[in-house]
Amino acid sequence: KMVIVDQTTAAQIVASDAAPMFFNDIGCMIEHLSRDPRVRPGEIAYVADHHTGEWIRAVDALYTRNLRVATPMGSHLIAHANATTQTADPAARTGARVTIKDLLPLDVPDGTR
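Residues numbered from 1 in each chain as written. Predicted model: local features only at pLDDT ≥ 70, side-chain atom pairs only at ≥ 80, totals over all residues. Heavy atoms only, no water.

### Description of the pattern of salt bridges
- Enumeration over the complete set of coordinates arrives at two salt bridges.
- Note that Glu31 is salt-bridged to Arg35, the shortest N-O span being 3.0 Å. Separated by four residues within a single helix, Glu31 and Arg35 lie in helix α1 (residues 26-35), roughly one turn from each other.
- Classification of Arg35 by relative accessible area gives exposed; the value is 59%. (Salt bridge = Lys/Arg side-chain N within 4 Å of Asp/Glu carboxyl O. Helix = DSSP H or I, 4+ residues; strand = E, 2+ residues; numbered from the N terminus. Buried < 20%, exposed > 50% of the residue type's maximum accessible area, 1.4 Å probe, protein only.)

Here is the structure:
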């Protein structure tokens, strides 16, 4: 139930039977899913593309951790829909690429359950 300060670092979990859960920082959603790995049927996690601000499925995103990029809760994680937006974003050029499995080895809500 966080107020989104910056759309480009936000995340959300959506389910058809509940209100969306918004996170101000991708790292907060990762932490939430680490603490409560139960995935309800139809639940989908989304992250914002740091370059465009568009919502993308968390399982499909490309991630970068860049300690030079300030995020609201200090995770330094940013996401991109594809290599084109990742390459076009100066914030992703100097960071380390990470995968969703590096961040969250458990299941990520993708709507298939």
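### Thoughts on the side chain of Thr9
- On the secondary structure map, Thr9 appears in the segment before β1 (11-15).
- Ignoring anything within four residues of it in the chain, the contact list for Thr9 reads Asn24, Asp25, Ile26, His50, Thr71 and Pro72. (Contact = heavy atoms within 4.5 Å.)

### Focus on the sheet that holds strand β2 (residues 18-23)
- As summarised here, the arrangement of the four strands in space is β2-β1-β3-β4, forming an open sheet in which the pairing is antiparallel. The open sheet is flanked by β2 and β4 (55-57), the only strands paired with a single partner. The average angle at which neighbouring strand axes cross in this sheet is 25°, direction not considered.
- Helix-sheet contacts for α1 involve β1, β2 and β3 (44-48), and the interaxial angle to β1 is about 45°. (Pairing = 2+ DSSP bridges. Axes fitted to C-alpha atoms, helices over the stretch in contact; angles between N-to-C directions.)

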